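Each chain is listed here by its residues.
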Amino acid sequence: MSPDGEPMVRATSISRSFEGIQVLRNLDLHVQRGEFISIVGRSGAGKSTLLGIVGAQDTAFRGKLLIDGSDVEELDRRQLAALRRTTIGFVFQDFYLLPNLTALENVLLPAVFAGSDLEMATAQAREVLNHLSVRIDDTMTSVLSRGERQRVAVARGLVNRPQILLADEPSASLDDQSEKTLFNLLDELRAEQGFALVAVVHSGRVLERCDRVLELREGKLHEA
Ligand SMILES: Nc1ncnc2c1ncn2[C@@H]1O[C@H](COP(=O)(O)OP(=O)(O)OP(=O)(O)O)[C@@H](O)[C@H]1O
Ligand SMILES: [Mg+2]
């Protein structure tokens, strides 16, 4: 546990380039505990790149990144993996579900790797999937609709009760009503569990309900 008052995420002067093209340029981001931040920006602005860095997946950046008070640069591979498994929940833009596992099995996989209490994880996973109207049966996720798979991906991000959930366009494939159900549930779970939420968002309805909107432009975040 980090010292009191230490933000959930403290990213200072983060830069990231790919093949000589600079995507993030001395970017700063502070995320407070429990806060809900929306990230917006045009396609290719670097939103997914930023989430991958804050999610401790991409460590090839310059700058300083503290997550829950830990300096990511000082962690070894095992400690980084533990941070990704327990402190951080991640919803990928492309979901990355295992196609031949069921929804419930996909959601539970991170709990298995984290050595979590599987009975508790299963109960929570069932509740979240039910709430989001995803079928809990033997159906493989490969045959679920895109929107259903998106909701499975969100449920998986929540399974280890992270302190921060990073969600890359988590309602991009959902209709208005399903989007509303999803964000109502995230609000409820945040009130209960206190996790911060950083989401890449396009929908105006979602932007209205977050604490802060930040626009990624020219490699930096701007208050929007
Ligand atoms: N691993 C990589 N190798 C090379 N280039 C990359 C890599 N990851 C991202 N990029 C480049 O970095 C830029 C930002 O990509 P990123 O996926 O972060 O954008 P984005 O804001 O999430 O876009 P979108 O809204 O389309 O999802 C793009 O030009 C992309 O091609
Ligand atoms: Mg993206």
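In this text the structure is predicted, and so the values were computed from the model without any measurement.

### So, the pattern of salt bridges
Any two side chains of opposite charge can pair, so long as their charged atoms come close to each other.
Next up, step 1: Enumeration according to the criterion identifies twelve salt bridges in this entry.
Next up, step 2: Between Glu179 and Arg205 there is a salt bridge; the shortest N-O distance is 3.5 Å. With Glu179 in helix α6 (residues 176–193) and Arg205 in helix α7 (residues 204–207), this pair connects stretches of sequence that are 26 residues apart.
Next up, step 3: A network of salt bridges, in which partner residues are shared, links Glu35, Arg212 and Glu223.

### A look at helix α1 (residues 47–54)
Next up, step 1: Counting buried residues along α1, seven of its eight residues qualify, which places the element largely inside the surrounding structure.
Next up, step 2: For α1, every residue scored as buried is listed here: Lys47, Thr49, Leu50, Leu51, Gly52, Ile53 and Val54.
Next up, step 3: With its phi angle positive at about 60 degrees, Ala56 sits one or two positions after the end of α1.

### A word on the packing of helix α3 (residues 103–114) against helix α5 (residues 146–158)
Next up, step 1: One way to put it is that α3 packs onto α5 with a least axis distance of 7 Å and a crossing angle of 30 degrees. Classed by the angle they form, the pair α3 and α5 counts as roughly parallel. Crossing handedness for the pair α3 and α5: right-handed. Only Val152, Ala155 and Arg156 of α5 make contact with α3, whose side of the interface consists of Ala103, Asn106, Val107 and Pro110.
Next up, step 2: A class-by-class count of the residues in the contact of α3 with α5 yields five nonpolar, one polar and one charged.

### Focus: unusual backbone geometry
Next up, step 1: In this structure, Asn26 takes a positive phi of about 45 degrees despite not being glycine.
Next up, step 2: The topology assignment puts Asn26 in strand β2 (residues 21–31).
Next up, step 3: Residue Asn26 is classed as partly exposed on the basis of its relative accessible area of 41%.

### Section: the coordination of the magnesium ion (ligand 2)
Next up, step 1: Taken together, the protein donors to the magnesium ion (ligand 2) comprise Ser48 (OG) and Gln93 (OE1), at separations of 2.0 to 2.3 Å. Of this pair, Ser48 sits in helix α1 while Gln93 sits in the loop between β6 (88–91) and α3, placing them 45 residues apart in sequence.
Next up, step 2: On the accessibility criterion, Gln93 (33% relative accessible area) is partly exposed.

### A closer look at the sheet that holds strand β1 (residues 9–18)
One key point about sheets: their strands pair by backbone hydrogen bonds, in either a parallel or an antiparallel sense.
Next up, step 1: Spatial ordering of the open sheet is given by β2-β1-β4-β5, a layout of four strands whose pairing is antiparallel. Whereas interior strands pair on both sides, the edge strands pair on one side only; in this sheet they are β2 and β5 (70–71).
Next up, step 2: Relative to strand β4 (residues 62–67), β1 runs antiparallel, the two sharing five bridges. In the sheet register, Ala11 faces β4, and the bridge partner there is Leu65.
Next up, step 3: Docked against the sheet, α1 engages β1, β2 and β4, running at close to 55 degrees with respect to β2.

The rules behind the values
- Residues numbered from 1 in each chain as written.
- Chains lettered and ligands numbered in written order.
- Predicted model: local features only at pLDDT ≥ 70, side-chain atom pairs only at ≥ 80, totals over all residues.
- Heavy atoms only, no water.
- Salt bridge = Lys/Arg side-chain N within 4 Å of Asp/Glu carboxyl O.
- Helix = DSSP H or I, 4+ residues; strand = E, 2+ residues; numbered from the N terminus.
- Buried < 20%, exposed > 50% of the residue type's maximum accessible area, 1.4 Å probe, protein only.
- Axes fitted to C-alpha atoms, helices over the stretch in contact; angles between N-to-C directions.
- Parallel < 35°, antiparallel > 145°, perpendicular 65-115°, else oblique.
- Left-handed = near helix turned anticlockwise from the far one by under 90°.
- Contact = heavy atoms within 4.5 Å.
- Nonpolar A, V, L, I, M, F, W, Y, C, P; charged D, E, K, R; others polar.
- Donors = N, O, S within 2.8 Å, 3.2 Å for Na, K, Ca; no water.
- Pairing = 2+ DSSP bridges.

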